[in-house]
Structures are given as structure tokens and as C-alpha cells.
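# Coordinates in review
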Amino acid sequence: MTDVWEPTAVANGETAVAEAAARLTRAAREHKPCTPVRDLLGATDISLAYAVQRRVIGDRIAAGARVVGRKIGLTSESVQRQVGVDRPDFGFLLDDMDVTGLPAVPSDRLLQPRVEAEIAFVLAADLDEDNLDVERVRAAVSHAVAALEIVDSRVADWDIAITDTVADNASSGLFVLGQQHVPLGEFTPRDVTMRLYADGELASEGDGAACLGDPLAALLWLARTAREFGDPLRAGQVVLAGALGPLVPTPPGTTVRAEMSGLGVVGATFSPKDRG
């Protein structure tokens, strides 16, 4: 991957791309949610929305951030129906989004966070070949870990259509990785069961089959899509494969803990005070 992407020019859409990217960037910088960007992009033009995503991420890379992986969103059929789309989307994970080693998740970096428990795959090989299949993708995985994705939206009240979330880097926020590294030979991703607790109370539960039927199928979709976009998945990158259960709101002070069969436990506490 090049150090900085050049924004993709979209016919009759460059002004819309620039304005949408500026709106989302300003919302993040000023810590104030914005109106949806679908008024600029339309509600269904996913190509235009990915052009906005590339503009926003390119600006962050230019400012010093580094890509460390990807996230897959909209892997749940119920969520797909909610936003009116029949396929998943993806976003980028940057190094400053990884809060694994922090004593608390910094609430002041977030606007309206929610947590979902996921399987994270860590790659040992590039996935840049033609004709990728499940076996090739499986062979490229070094290990998996339990993970928390802290999704966030720069769009006020989570009032999103597919173009809003894609443009907003698939509503990415931060992420936390578990400590137990498990090779694929030691567990079956689609059979993983998950329970997520918030402040000691069961708040979400699900299993690997909720993630496009199989988290490895989600990884295959991403590998093919990333290659088509000209930026394939690379060795060393982390891939958050998608939610295993419903999202859980996490206001400041919340403590969450996810128990995932075969993968162990991952948890986090959100700092007690939000900005302002």
C-alpha cells in the first residue's frame, strides 16, 4: 500500500465526495455528530461512499496514521435489512484505533459508542491472488483472538443508510484484542458461542453462524473485495470479521466482558468522563 492514497475522482461526484469527507472529518475533530451525508451521496451509491471513505482515511494516513487491518460490517442479515442492503461493507483499522494496551478505553475519543464481540483473524500471508477460496484464506490465517469492536458513528443519532456508514469508515471507532492466540486447527469459527456482559449483566449473545454464516466466509468476502479495490490484505494485518451478536451501548464508565468459546475472554472499561 502506498503511504497516502490519492482521492478517487468519481464522475460528477468529486464535489460531493469532498463535502461529505469534510463533514465527517469536522464531526470527529469537533466531537460533535453531523447530519447524514446521504444528502450529498444519495442513499444507494456505494461506490461514491467508498470514495469518501478513501478520502477520509487518506487524510488520516497523511497525518501519520498507519493501516493495521480491516473491519467487516453489516454481516448480520437483520442489520442488512435495517439499512436496506444485501451485502456487507468494510472499513480500515488504523494503528491509533487499537486501544488494547490502555488501562481504559478513552471515552473522550468517542461520540456515541456501541460494542460488539467479534473474532479477529491475524494474517500470516498476503491474500493477493486471483481465485481466492476458503481454503486459501484459511491457510493465510496465523491465529485468531477474541475481540471487541467499539463501533461509533459521526452521524447524529446513528441515523444511517448504507452510504452514510460506508463513507464513515464503516462506522469504525476503536478496538480491543484478547490475549489468547488460537490457531484455526484448534477451534471452528462458525461454532464459537459468545456472551457479552455490560457491568455484570448479560447484554448480548450469539455465535459464529451470525457472521455471514461463517466468519471465514466473511474473511473470504473481504479478501476478494480488497483485492478488487487494488489494496489486498497483507501478512500481519488484523481483520475484525463481524459481530457475533447485537450491539451494546457503552456510555462512559461502562465495563464490558465478552466470553467466547475456544477463544477465551476479552474485556474493557470505558473511562468515566466524556469530553466536556
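Quick look at the structure, then.

What counts, and at which threshold
As a convention, each chain's residues are numbered from 1 in the sequence order in which they are written. Totals for whole chains, interfaces and linings use every residue, but because this is a predicted model, local features are given only for residues with pLDDT of at least 70 and side-chain atom pairs only at 80 or more, for both listing and counting. Side-chain figures throughout are based on the complete set of non-hydrogen atoms in the structure, without hydrogens or water. We count a stretch as a helix when DSSP gives it H or I for four or more residues in a row; a strand needs E for two or more, and each element gets its number in order from the N terminus. Helix span is expected to be 1.5 Å times the residue number reduced by one. Throughout, exposure labels follow a simple rule: accessible area from a 1.4 Å probe, protein chains only, divided by the maximum for the residue type, with under 20% read as buried, over 50% as exposed, and the rest as partly exposed. The contact definition used throughout considers only heavy atoms, calling two residues in contact when any of these lie within 4.5 Å. Within 3.5 Å is the distance limit for a polar contact, defined as a pair of N or O atoms, with the added protein rule that one can donate a hydrogen and the other accept it, and that residues adjacent in sequence qualify only through two side-chain atoms. Pairing of aromatic side chains here covers Phe, Tyr and the six-membered ring of Trp, requires ring centres within 6.5 Å, and sorts the geometry by plane angle: under 30 degrees stacked, over 60 edge-to-face, intermediate tilted. Paired strands are those between which DSSP finds at least two bridges. Only C-alpha atoms enter the line fits that serve as axes; for helices the fit covers just the stretch in contact. Angles between N-to-C directions range over 0 to 180 degrees. When an angle is under 35 degrees it counts as roughly parallel; over 145 it counts as roughly antiparallel; between 65 and 115 it counts as roughly perpendicular; any other value is oblique. In this scheme the handedness of a crossing depends on how the near helix is turned from the far one: anticlockwise by less than a right angle means left-handed, clockwise means right-handed. Under the scheme applied here, ten amino acids are nonpolar (Ala, Val, Leu, Ile, Met, Phe, Trp, Tyr, Cys and Pro), four are charged (Asp, Glu, Lys and Arg), and all others, including Gly, are polar.

To continue, consider helix 7 (residues 215–228). For helix 7, which comprises 14 residues, the first-to-last C-alpha distance of 20 Å matches the rise-based estimate of 20 Å (1.5 Å per residue) to within 8%. Residues Pro215, Leu216, Ala218, Leu219, Leu220, Leu222, Ala223, Thr225 and Ala226 constitute the buried set of helix 7. The inward-facing, buried residues of helix 7 contact strand 1 (67–73), strand 2 (89–94), strand 3 (114–123), helix 5 (134–140), strand 4 (141–151) and strand 8 (238–243). Among the residues of helix 7, the N-terminal cap falls to aspartate 214, whose side-chain oxygen and the backbone nitrogen of leucine 216 are separated by 2.9 Å. Just downstream of helix 7 lies glycine 230, where phi reads positive at about 80 degrees.

Evaluation of the coordinates by the stated rule reveals four aromatic pairs. Ring centres of phenylalanine 90 and phenylalanine 92 lie 5.9 Å apart, and the angle between their planes is 65 degrees; on these two criteria the pair is classed as edge-to-face. Assigned by exposure class, phenylalanine 90 and phenylalanine 92 land together as buried. Feature note: the residues Tyr50, Phe90, Phe92 and Phe229 constitute an aromatic cluster, connected by ring pairs.

On to helix 3 (residues 46–62), then. Taking 1.5 Å of rise per residue, 17 residues should cover 24 Å, and helix 3 covers 24 Å from first to last C-alpha, within 8% of that figure. Counting buried positions along helix 3 yields 13 of 17 residues, so the element is predominantly enclosed.

Below, the discussion takes up the sheet that holds strand 7 (residues 201–207). The four strands lie next to each other as 7-6-10-11, forming an open sheet whose pairing is antiparallel. Every interior strand has two partners, whereas the edge strands, strand 7 and strand 11 (264–269), have only one. The sheet shows a mean angle of 15 degrees between the axes of neighbouring strands, taken without regard to direction. Bridge count between strand 6 (residues 193–198) and strand 7: six bridges; the pairing is antiparallel. Pairing of arginine 195 across the sheet is with glutamate 205, part of strand 7.

Moving on to the pairing of strand 6. By the alternation rule, side chains of strand 6 split into Met194, Leu196 and Ala198, which are all buried, and Thr193, Arg195 and Tyr197, of which none is buried. Between strand 6 and strand 7, which pair antiparallel and follow one another directly, the connecting turn spans two residues, one of which, aspartate 199, has a positive phi of 50 degrees. Sheet analysis places strand 6 next to strand 10 (residues 255–260), joined by five bridges and oriented antiparallel. Bridging across to strand 10, arginine 195 finds its partner in glutamate 259.

What follows is about the environment of lysine 32. Tracing the backbone through its elements, the reader meets lysine 32 in the loop between helix 1 (14–30) and helix 2 (38–41). Expressed as a C-alpha distance, the spacing of lysine 32 and glycine 264, which sit 232 residues apart in the sequence, is 36 Å. Beyond its immediate sequence surroundings of up to four residues, lysine 32 is in contact with Ala27 and Leu111.

Once that is clear, we can look at the packing of helix 1 against helix 3. Between helix 1 and helix 3, whose axes approach to 9 Å, the crossing angle comes to 55 degrees. Between helix 1 and helix 3, the crossing angle belongs to the class labelled oblique. Relative to helix 3, the crossing made by helix 1 is right-handed. Every residue of helix 3 that contacts helix 1 at Glu14, Val17, Ala18, Ala20, Ala21, Leu24 and Thr25 is listed here: Leu48, Ala51, Val52, Arg55 and Val56. Residue composition of the contact of helix 1 with helix 3, grouped by class: nine nonpolar, one polar and two charged.

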